[in-house]
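Single-letter residue listing:
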Amino acid sequence: MLEFKNISFKYEEDPDFIIRNLSFKVNKGEFISIVGPSGCGKSTVFRLICKLERPFEGNIFLENKNINTLEKGYIGYMPQNDLLIPWRTILQNCSLPLEIKGENMKEVKYEAEKMLKDFGLEKYKNKYPRDLSGGMRQRVSFTRTLLTGSKVLLLDEPFSALDAITRLSMQEWLLDKWSKLNKTILFITHDVEEALFLSTRVFITDGSPIGKFREIKVDLDYPRSRDMLDNPDILRIKAQLVEELKKGVRL
Ligand SMILES: Nc1ncnc2c1ncn2[C@@H]1O[C@H](COP(=O)(O)OP(=O)(O)O)[C@@H](O)[C@H]1O
Ligand SMILES: [Mg+2]
């Protein structure tokens, strides 16, 4: 579904590469989490997939097509600091990606209303972002990302600003949507437990430059429940991941 082939990248003003000869593949329908220390270049990986940055070397393929040949809207991207536009209603916020694509406004409204209804957000459609709780706003952001129509969704630390309890219920909400929608998800987090609970595989990097992801397959069935994380194999993997991440932290 998505492939990185020998990608190297550096920001112009930086002397050092933050991604060095990185290759990986993601299969259709997978839920992949990327875990790594802050500042190592995780968000940059997403920015490359969106063509917000261009690789220095290498190519990125989506369904075997080089992304350089693709039109906008090929990817659903929820950036780390994704803010809803305060002066637009929830419905107008959700409609944005379709409007940008230049689709018929009547159709746009219909699609956005349908999705909000499917997600139980219909009664908020004429409200403004300030009227909603943090968890609700993230649901709206996710809805907006889905409305790009893309098969691959990139979610950059979507739950990191939420309180612990809201976060747990949002994880369950997201898994439920993923299982119904048949999408491929790449999800950045630095929460090891969140990564293990959600993912089919976890990609770990222990620092800069990102040269290779270590991959861990999470051998648990879906639907998932919290108690599955008490499985001895999972506990072992979790302890190992936490140790590895600690190594990459610069205090
Ligand atoms: N637009 C940018 N221009 C220059 N440097 C950037 C830009 N965005 C991020 N960086 C730098 O690149 C490194 C990786 O950033 P980022 O991909 O955001 O890391 P992460 O998401 O893993 O925290 C950081 O050192 C950051 O300061
Ligand atoms: Mg980031």
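Residues numbered from 1 in each chain as written. Chains lettered and ligands numbered in written order. Predicted model: local features only at pLDDT ≥ 70, side-chain atom pairs only at ≥ 80, totals over all residues. Heavy atoms only, no water.

A few points about the UniProt feature "domain: ABC transporter" (unreviewed entry) in the protein chain
Following the UniProt record, the feature "domain: ABC transporter" (unreviewed entry) maps to residues 2–232 here. In residues 2–232, the share of helix is 31% and the share of strand is 22%. The end C-alpha atoms are 32 Å apart. (UniProt positions renumbered as here; feature names shortened; annotations may be inferred. Helix = DSSP H or I, 4+ residues; strand = E, 2+ residues; numbered from the N terminus.)

A few points about the domain arrangement of the protein chain
By domain assignment, the protein chain separates into domain 1 (2–74 + 151–248) and domain 2 (85–149). On a C-alpha basis, the centroid separation for the pair domain 1 and domain 2 is 25 Å. On the side of domain 2, 12 residues touch domain 1, which itself brings 15 residues to the contact. Taken over both partners, the interface formed by domain 1 and domain 2 buries close to 1200 Å², and the fraction arising from carbon and sulfur atoms is 74%. Among the residues domain 1 hides against domain 2, the three largest losses belong to Leu153, Met170 and Trp173. Together they make up 36% of the total. The tally of links from domain 1 across to domain 2 stands at 0 salt bridges. In this structure, the connection of domain 1 to domain 2 is made through 1 residue pair in polar contact (both at pLDDT 80 or more). Contributions of two or more residues to the side of domain 1 that touches domain 2 are made by β7 (152–156) and α5 (164–181). Broken down by element, the residue count for the side of domain 1 that touches domain 2 peaks at 6 residues, all from α5. Classifying every residue of the side of domain 1 that touches domain 2 gives 9 nonpolar, 2 polar and 4 charged. (Domains from an automatic or database assignment. Contact = heavy atoms within 4.5 Å. Buried area = accessible area lost by both parts, 1.4 Å probe. Salt bridge = Lys/Arg side-chain N within 4 Å of Asp/Glu carboxyl O. Polar contact = N/O pair within 3.5 Å; in protein donor to acceptor, adjacent residues only side chain to side chain. Nonpolar A, V, L, I, M, F, W, Y, C, P; charged D, E, K, R; others polar.)

Structural notes on unusual backbone geometry
Here the residue pair Tyr222 and Pro223 is connected by a cis peptide bond, since its omega of -5° sits within 30 degrees of zero. Topologically, Pro223 is positioned in the loop between β10 (214–217) and α7 (232–248). Located in the positive-phi region is Asn21, a residue other than glycine, with phi close to 55°. One non-glycine residue with positive phi stands out, namely Asn182, at about 60°. Within the secondary structure, Asn182 is located in the loop between α5 and β8 (184–189). Take Asn182: its relative accessible area is 54%, and that puts it in the exposed class. (Buried < 20%, exposed > 50% of the residue type's maximum accessible area, 1.4 Å probe, protein only.)

Quick notes on the site of ligand 1
Near ligand 1 the following residues occur: Tyr11, Glu13, Ile18, Pro37, Ser38, Gly39, Cys40, Gly41, Lys42, Ser43 and Thr44. Interatomic distance of 3.4 Å between a side-chain N/O atom of Glu13 and a nitrogen atom of ligand 1. Gly41 is positioned with one of its backbone polar atoms (N or O) 3.0 Å from an oxygen atom of ligand 1. A total of 560 Å² of accessible area belongs to ligand 1 in isolation, and the protein chains cover 64% of it. Partitioning the shell around ligand 1 into residue classes produces 4 nonpolar, 5 polar and 2 charged. (Near = heavy atom within 4 Å. Areas by Shrake-Rupley, 256 points an atom, 1.4 Å probe, with all protein chains shown as cover.)

Some remarks on the side chain of Thr145
Mapping Thr145 onto the fold places it in helix α4 (residues 134–146). With a relative accessible area of 4%, Thr145 lands in the buried category. Among all residues touching Thr145, those that are not within four sequence positions of it are Gly76, Tyr77, Met78 and Leu153.

Here's the deal with the nonpolar core
Grouped together as the largest cluster of nonpolar side chains are 47 residues, with contacts concentrated most on Phe31, Phe142, Leu155, Leu174, Ile185, Phe187 and Leu196. Contact partners of Leu196, with chain neighbours within four places excluded, come to Val202, Val218, Arg224, Leu229, Ile234, Ile237, Lys238 and Leu241. Within the second largest apolar cluster, 31 residues are counted, among which are Leu2, Val26, Leu154 and Phe203. (Core = buried A, V, L, I, M, F, W, Y, C linked by side-chain atoms within 4.5 Å.)

Here we look at the packing of α4 against α5
Interaxial distance between α4 and α5 falls to 11 Å at its minimum, and their mutual angle equals 20°. One finds that α4 runs roughly parallel with respect to α5. Here the hand of the crossing between α4 and α5 comes out right-handed. Facing α4, whose interface residues are Gly135, Gln138, Arg139, Phe142 and Leu146, α5 presents Thr166, Met170, Trp173, Leu174, Lys177 and Leu181. The class makeup of the residues in the contact of α4 with α5 is 6 nonpolar, 3 polar and 2 charged. (Axes fitted to C-alpha atoms, helices over the stretch in contact; angles between N-to-C directions. Parallel < 35°, antiparallel > 145°, perpendicular 65-115°, else oblique. Left-handed = near helix turned anticlockwise from the far one by under 90°.)

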